[in-house]
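Listed below, chain by chain, are the residues.
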Amino acid sequence: MYLTREEERILKGEEGPARQLAMKLLVRIGEALGAERLIRISHAHVSGVSYSNIGDPGLEFIEGLASGGRVAVYSTFNPAGAPLGMDPPYPVPREHVEKQARIVKALLRMGFEPSGTCIPYALRRPRPGEHLAWGESSAVAVANTLYGARTNREGGPVALAAALVGRTYLWGLHLEENRRPTITVRVETLPRGEVEAGLLGYMIGKLFSGELPYLDAGRLTKRQVIAMCAAAAASGSTAMCVVRHVSPEDQGPPGGVERAALGPDDLREAREEVESASLDEAELFFTGCPHHPEHVVNRVLELMEAHGVSRLRRPVWIAVPGRASRPLATLAGELARRNIRILPGTCLVVSTLGRSGLKAIATDSVKSAFYLPRRHGVRVALASLEDFVKAYGA
Amino acid sequence: MPERRVKLRGIVEGNGSGETLVVHGRLSFYGEVDPERGTLTDGRSIAGRVLIMEGGRGSTVGPYILYALARRGLAPSAIAVVEAEPILVAGAVMASVPLASGLPPRLLEELRDGCRARLYSKPPSAMLIVEC
């Protein structure tokens, strides 16, 4: 692999052991994949920061890097395993809280933005054609599909290495020729709302993993594109779609590629596969997978007002970026009276939810519906927030 | 089986030797390797072995597991695979385990546990020597 003089210097350890290890990681991976060289990135986003996921080995590794390593570019990190700065509404062992705090502290010492979110694009909007090194599979798919920025799915420590040296290996979706659609998928039932967009994504990931699908799914909202990308990245290894009227790289339906169709039967099949509970059984509603921007709280309040609901009989939990905690903290009391809990900087998928004793929850997130039963043994109903507000309004 | 010498592609440098541990497929370190004991889910020990397999797969937490094994002295002494993917390479670099790719799939078919193996890896080349 070709290395610049500066990259050689870092590899020799002239900028310290942390950068040396980071450079070695990227160079060895690049060589294994046959990459010609490294490229500079403008934003690194690191997944794998939840203590319940990475445990003591991850903590030790991150603290080791933080003893001398500093980020070289704008860098953000994924949700933690417990809410940041607020008490969780479910049991989190003390050891977990303490070790999670150490992981976050180590990241901040390295110069990471106080982030704790799976929507790094909400903190810094990626530009078309820009190179990124992101972990978090849903954010990767959104960056490529919605923003036309370029990133592969970088595993936790790999994105961390990219943050420390501001580079990644030139391979995969960083190369123009790998960003062209390989299959056209005709969407026969245009998705309504977030749940159906997620179900569509689930089937895309399941059926076309390894392909780069071209889709025409009507006028999708941004939140629908995000829900679709997140589900496709969970059920398969989908890292990019080209979506008509949405993707900056849309050049119209591609010629000369295979064609497939997704119809109403496929969406039904998706729902049958991911749904394991009914709305009646749901003990609470969880929304914010991927995270909502913090103004979503207003939408919930408006929805309650529209249906004349002052307090919900069963709670709504909303996951938002970690740095949203301060403005929202002032609202916490008011929200609690309405039976709404804010979960800043965390994610139920990487949490200790399995210890909560919860048996069934409702959510509008197909990604969560895919992971929560597998990770925490919790059964899941798919519903919109409005369905829930109507069902559990006082 | 007589002594076999195979030229491989060196990915992570170093030399390692030990008994072979053969996995006919792709291994996910996260979920399929116990980081406290250094064993696979079927109970076989990975510590000090020359791990021979098709490749790695799965969760991005995998590299931390390999790193954890190394910290506890339970890492394999070397890894030889048909194909190396980023997660496995990251783990091998973090754990300083010699890694080589390009193992012929036919040889993987023939190999069994408990043979003597040595891997010499000096990227871009490597040599695997196996005696049964």
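Here the residue numbering is sequential within each chain, running from 1 through the sequence in written order. All chains are assigned letters beginning at A, and all ligands numbers beginning at 1, according to the order in which they are written. Totals for whole chains, interfaces and linings use all residues, but because this is a predicted model, local features are given only for residues with pLDDT of at least 70 and pairs of side-chain atoms are given and counted only at 80 or more. Hydrogen atoms and water are omitted, and side-chain values are computed over all heavy atoms in the structure.

Chain B goes by Phosphomevalonate dehydratase small subunit-like domain-containing protein in an unreviewed UniProt entry, where it is assigned to Pyrodictium occultum.

Our working definition: UniProt positions are given in the numbering used here, feature names are shortened, and annotations may be inferred rather than shown by experiment.
As annotated in an unreviewed UniProt entry, chain A carries the name Phosphomevalonate dehydratase large subunit and is attributed to Pyrodictium occultum. The UniProt entry for chain A carries the following text under Sequence similarities (unreviewed entry): "Belongs to the AcnX type II large subunit family."

A closer look at the overall build of chain A
Note the cut-off: Numbering goes from the N terminus for both helices and strands, where a helix is a DSSP run of H or I of at least four residues and a strand is a run of E of at least two. Between buried and exposed lies partly exposed: a residue is buried under 20% and exposed over 50% of the maximum accessible area for its type, with that area taken using a 1.4 Å probe on protein chains only. Note on contacts: a residue pair is in contact if any heavy atoms of the two residues lie within 4.5 Å. Each accessible area is a Shrake-Rupley result for a 1.4 Å probe, and residues are judged covered by the shown protein chains and nothing else. The sign given to each residue is positive for Lys and Arg and negative for Asp and Glu; His and the chain ends receive no count. The atom standing in for a charge is NZ when the residue is Lys, CZ when it is Arg, CG when it is Asp and CD when it is Glu.
Secondary structure summary: chain A contains 14 helices and 14 strands in total. Dimensions of chain A, computed from C-alpha atoms along their principal axes, come out at roughly 65 × 55 × 30 Å. The buried share of chain A, taken over its 394 residues, is 60%. Sequence-distant contacts, at least 24 apart, represent 80% of the contacts inside chain A between residues at least 6 apart. Carbon together with sulfur atoms contributes 47% to the accessible area of chain A, which is approximately 15300 Å² in total. On chain A, the mean spot of the 48 positive side-chain charges and the mean spot of the 43 negative ones are 4 Å from each other.

Some details on the overall build of chain B
The line we're drawing: This radius of gyration counts C-alpha atoms alone. The globule rule is 2.2 Å times how many residues there are, raised to the power 0.38.
For chain B, the count of helices and strands is 4 helices and 9 strands. Counting from the amino terminus, chain B carries its helices and strands in the arrangement β-β-α-β-β-β-α-β-α-β-α-β-β. For 132 residues, the compact-globule estimate of 2.2 N^0.38 gives 14 Å, and chain B sits close to it at 13 Å. Reported as C-alpha extents along the three principal axes, the dimensions of chain B are approximately 35 × 30 × 25 Å. Of all 132 residues assigned to chain B, the portion counted as buried reaches 55%. Nonlocal contacts in chain B, meaning residues at least 24 apart in sequence, comprise 74% of its contacts between residues at least 6 apart. Entry remark: accessible area of chain B is about 5600 Å², with carbon and sulfur atoms responsible for 47%. Put simply, chain B has 16 plus and 14 minus side-chain charges, and the middle of one group is 5 Å from the middle of the other.

Comments concerning the state of the cysteines
The condition that has to hold: By definition, disulfides here are pairs of cysteine sulfur atoms that lie within 2.5 Å.
Applying the stated criterion to the full structure yields 1 disulfide over all chains. Between Cys115 of chain B and Cys132 of chain B runs a disulfide, and the two sulfur atoms are separated by 2.0 Å. An S-S torsion of about 90° defines the bridge between Cys115 of chain B and Cys132 of chain B as right-handed. Here Cys132 of chain B lies in the segment after β9 (125-131) and Cys115 of chain B lies in the loop between α4 (105-110) and β8 (116-122), a separation of 17 residues in the sequence. Counting only cysteine sulfurs, Cys347 of chain A is the nearest neighbor of Cys118 of chain A, a cysteine outside any disulfide, at a range of 6.3 Å. According to the relative accessible area criterion, Cys118 of chain A is buried, its value standing at 7%. Here Cys347 of chain A is not cross-linked by a disulfide; its sulfur's nearest cysteine counterpart is in Cys289 of chain A, at 5.5 Å.

Topic: the environment of Ser67 of chain A
As for its position among the elements, Ser67 of chain A is in the loop between α3 (51-66) and β3 (74-77). With 43 residues separating them in the primary sequence, Ser67 of chain A and Met110 of chain A have C-alpha atoms 8.4 Å apart.

Notes on the sheet that holds strand β7 (residues 213-216) of chain A
Residues and elements named next belong to chain A. Quick reminder of the rule: Only when DSSP finds a minimum of two bridges between them are two strands counted as paired. Lines fitted to C-alpha atoms define the axes, with helix axes restricted to the stretch in contact, and inter-axis angles between N-to-C directions lie between 0 and 180 degrees.
Read from one edge of the open sheet, 4 strands run β8-β7-β6-β9, paired in parallel fashion. The outermost strands of the open sheet, each flanked by one partner alone, are β8 (242-243) and β9 (258-262). Direction of pairing for strand β6 (residues 183-187) relative to β9: parallel, over a ladder of 5 bridges. Paired with Arg186 across the strands is Ala261, a residue of β9. Lying over the sheet, helix α7 (residues 193-208) contacts β6, β7 and β9, oriented at roughly 140° with respect to β9.

As for the interface of chain A and chain B
Counted only if it meets this: Two parts lose some accessible area (1.4 Å probe) when they are put together, and adding that loss for both gives the buried area. Put simply, a salt bridge is a Lys or Arg side-chain nitrogen that is within 4 Å of an Asp or Glu carboxyl oxygen. Two N or O atoms form a polar contact when they lie within 3.5 Å of each other; inside protein one atom must be a possible hydrogen donor and the other a possible acceptor, and for residues adjacent in sequence the pair counts only when both atoms belong to side chains. Basically, the charged four are Asp, Glu, Lys and Arg, the nonpolar ten are Ala, Val, Leu, Ile, Met, Phe, Trp, Tyr, Cys and Pro, and anything else, Gly included, counts as polar.
Contacts between the two partners involve 23 residues from chain A and, on the opposite side, 19 residues from chain B. Interface area, chain A with chain B, both sides summed: about 1900 Å², of which 67% is carbon and sulfur. Counting the contacts that link chain A with chain B gives 3 salt bridges. Lys24 of chain A is the salt-bridge partner of Glu13 of chain B, the closest N and O atoms lying 2.9 Å from each other. Across the chain A-chain B interface, the total number found is 6 residue pairs in polar contact (both at pLDDT 80 or more). Counting residues per element, the side of chain A that touches chain B draws most heavily on helix α2 (residues 17-33) of chain A, which supplies 8 residues. By residue class, the composition of the side of chain A that touches chain B is 13 nonpolar, 6 polar and 4 charged.

Quick word on the domain arrangement of chain A
All names here are of chain A. Keep this limit in mind: An automatic or database domain assignment supplies the start and end points of every domain.
According to the domain assignment, chain A contains domain 1 (5-174), domain 2 (183-273) and domain 3 (275-392). Of note, the centres of domain 2 and domain 3, computed from C-alpha atoms alone, are 25 Å apart. Taken together, the contacts link 14 residues of domain 2 with 14 residues of domain 3. Taken together, the two surfaces of domain 2 and domain 3 that pack against each other cover about 1100 Å², and 61% of this comes from carbon and sulfur. Three residues, Val195, Arg223 and Arg271, lead the burial of domain 2 against domain 3; their summed loss comes to 42% of the area buried on that side. Summed over the shared surface of domain 2 and domain 3, the number is 1 salt bridge. A salt bridge links Glu275 to Arg271; its shortest N-O distance comes to 3.5 Å.

Remarks on the pairing of strand β1 (residues 4-12) of chain B
Residues and elements named next belong to chain B. In this structure, β1 lies alongside β9, joined through 6 bridges in antiparallel fashion. Across the sheet, Leu8 pairs through a bridge with Ala126, a residue of β9. Sheet analysis places β1 next to strand β7 (residues 99-101), joined by 3 bridges and oriented antiparallel. Within β7, the residue paired with Gly10 across the bridge is Ala100.

Regarding the packing of aromatic side chains
Convention followed: Only the six-membered ring of Trp is used, alongside the rings of Phe and Tyr, when aromatic pairs are assigned; centres must lie within 6.5 Å, and planes under 30 degrees apart are stacked while those over 60 apart are edge-to-face, with the rest tilted. Lysine NZ or arginine CZ positioned within 6 Å of the ring centre and within 35 degrees of the ring normal marks a charge as sitting over the ring.
A full pass over the atoms with the stated rule returns 10 aromatic pairs over all chains. Taking the centre distance of 6.3 Å and the plane angle of 65° together, the rings of Phe77 of chain A and Phe112 of chain A count as edge-to-face. Highlighted residues: Phe77 of chain A in strand β3 and Phe112 of chain A in the loop between α4 (94-109) and β4 (133-134), separated in sequence by 35 residues. Look at Phe77 of chain A and you get buried, because its relative accessible area is 1%. Taking the relative accessible area as the measure of exposure, Phe112 of chain A reaches 4% and is therefore buried. When the ring of Tyr90 of chain A is compared with that of Trp317 of chain A, the centres are 5.7 Å apart and the planes differ by 35°; the resulting orientation is tilted. Residue Tyr90 of chain A is found in the loop between β3 and α4, and its partner Trp317 of chain A is found in strand β11 (residues 316-320); the two are separated by 227 residues along the sequence. Taken together, the aromatic side chains of Phe61 of chain A together with Tyr64 and Tyr67 of chain B make up a single cluster linked through ring pairs. Positioned above the aromatic ring of Phe370 of chain A, the side-chain terminus of Arg374 of chain A is 3.8 Å from the ring centre.

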